Amino acid sequence: MSETDHADLRAALLDAAVMHVPFDGWSELTFQAAIRDAEIAPELARMVCPRGALDLALAYHAAGDQEMLRQMEAADLDSLRFRDRVAAAVRFRLEAVEDKELVRRGTTLFSLPHHAGDGAKAIWGTADAIWTALGDSSEDVNWYSKRATLSGVYSATVLFWLGDDSLEHQATWDFLERRIEDVMRFEKVKAEVQKNPLLKPFLAGPNWLASQIRKPGARDDLPGRQG
């Protein structure tokens, strides 16, 4: 089975699953209902989604990321301050959701200890997609710190958004602005600390250690890759 066939089958399962998620969550019941509704052989369904509804939930999240990237590409972000570009990307990501209940059920799923790692990886992927689309060129520890910080901002904003019933989610966008302002304030303080001559002797060790950290490189040892 080609990668395209694999993706098409998973997309068909996801399309069939979304109407069941609000009632049964991202569960085995939903997965079985999706198999029936999509009229896909159970063996093929398990081939493309070995972990059942968990894989569908991750596919749903990834589809939202792709829609966000399409919106970012279509929008004129160059005229905005960088912080406003980040805020716009997070807003595009949330506006890609057609039914909050799908995200609410996903939050419940990824709050389970044995799925928390998958949830954290998905959020990190969203933050990475935003920074990459915005042209982040960092190669050192900043590559990690930017994504970690944005992951925190995004997670907090999602939780606020889930409970927001304000007109056009204005309360959420105000909340997002405050979180980004907090980050900018922290970065300003961090820069001032680095410039303080009295602290330089104490920062020499941590700064050297940070300078040794590099962003992850592309794996070249995976099956099927050409040398």
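Up top is the structure.
The rules behind the values
- Residues numbered from 1 in each chain as written.
- Predicted model: local features only at pLDDT ≥ 70, side-chain atom pairs only at ≥ 80, totals over all residues.
- Heavy atoms only, no water.
- Axes fitted to C-alpha atoms, helices over the stretch in contact; angles between N-to-C directions.
- Helix = DSSP H or I, 4+ residues; strand = E, 2+ residues; numbered from the N terminus.
- Parallel < 35°, antiparallel > 145°, perpendicular 65-115°, else oblique.
- Left-handed = near helix turned anticlockwise from the far one by under 90°.
- Contact = heavy atoms within 4.5 Å.
- Nonpolar A, V, L, I, M, F, W, Y, C, P; charged D, E, K, R; others polar.
- Expected span 1.5 Å × (residues − 1).
- Buried < 20%, exposed > 50% of the residue type's maximum accessible area, 1.4 Å probe, protein only.
- 1 Å grid on protein atoms, 1.4 Å probe; cavity = no way out; pocket = protein on both sides within 12 Å on 5 of 7 lines; lining within 4 Å.
- Points joined across faces, edges and corners; volume = space filled by probe spheres on them.
- Polar contact = N/O pair within 3.5 Å; in protein donor to acceptor, adjacent residues only side chain to side chain.
- Phe/Tyr/Trp six-rings, centres within 6.5 Å; stacked < 30°, edge-to-face > 60°.
- Lys NZ or Arg CZ within 6 Å of the ring centre and 35° of its normal.

### Quick look at the packing of helix H7 (residues 100–110) against helix H9 (residues 141–162)
Running from N to C, H7 and H9 cross one another at 125°; their axes reach a closest spacing of 10 Å. By the angle between their axes, H7 is oblique relative to H9. For the pair H7 and H9, the crossing hand works out as left-handed. Listed contacts from H9 to Lys-100, Val-103, Arg-104 and Thr-107 of H7 are Val-158, Leu-159, Trp-161 and Leu-162. Of the residues that constitute the contact of H7 with H9, the class distribution is 5 nonpolar, 1 polar and 2 charged.

### With respect to helix H5 (residues 53–74)
In this model H5 runs 32 Å from its N-terminal to its C-terminal C-alpha over 22 residues, within 8% of the 32 Å that 1.5 Å per residue would give. Along H5, the residues that are buried comprise Ala-53, Leu-54, Asp-55, Leu-56, Ala-57, Ala-59, Tyr-60, His-61, Gly-64, Asp-65, Met-68 and Met-72. Elements in contact with the buried residues of H5: helix H1 (3–17), helix H3 (28–38), helix H6 (82–95), H7, helix H8 (116–133) and H9.

### Things to note about the packing of H6 against H9
Running from N to C, H6 and H9 point in directions that differ by 45°, and their axes come no closer than 11 Å. Taken as axis vectors, H6 and H9 run oblique relative to one another. Here H6 and H9 pass one another in a crossing that is right-handed. Contacts between H6 and H9 involve Val-86, Val-90, Arg-93 and Leu-94 on the former and, on the latter, Leu-150, Tyr-154, Thr-157, Val-158 and Trp-161. Broken down by class, the residue content of the contact of H6 with H9 amounts to 7 nonpolar, 1 polar and 1 charged.

### What to know about the layout of surface pockets
In this model, the largest pocket occupies a volume close to 430 Å³. If you trace the largest pocket, you find 23 residues lining it, with His-61, Val-103, Thr-107, Phe-110 and Ile-123 closest to the centre. For the lining of the largest pocket, the elements supplying multiple residues, two or more each, are H5, H6, H7, H8 and H9. A class-by-class count of the residues in the lining of the largest pocket yields 16 nonpolar, 6 polar and 1 charged.

### A few points about the environment of Glu-177
Of note, Glu-177 is situated in helix H10 (residues 170–195). The sequence separation of Glu-177 and Asp-84 amounts to 93 residues, and the corresponding C-alpha distance is 8.5 Å. With near-sequence residues (within four places) excluded, Glu-177 lies in contact with Arg-83 and Asp-84. Side-chain polar atoms of Glu-177 contact the side chain of Arg-83, separated by 2.5 Å.

### Some details on the packing of aromatic side chains
Within this structure, the stated rule accounts for 5 aromatic pairs. Relative to Phe-175, the ring of Phe-160 lies with its centre 4.5 Å away and its plane at 10°, an arrangement referred to as stacked. Of this pair, Phe-160 sits in helix H9 while Phe-175 sits in helix H10, and the two are 15 residues apart along the sequence. Residue Phe-175 is classed as buried on the basis of its relative accessible area, which comes to 13%. Within the aromatic cluster, the residues linked to one another by ring pairs are Trp-124, Trp-143 and Tyr-144. Sitting over the face of the ring of Trp-161, Lys-100 holds its NZ or CZ atom 5.1 Å from the ring centroid. One Lys or Arg, Arg-179, reaches over the ring of Phe-175 and ends 4.6 Å from the middle of that ring.

Remember that the coordinates give geometry; whether it matters functionally is a separate question.
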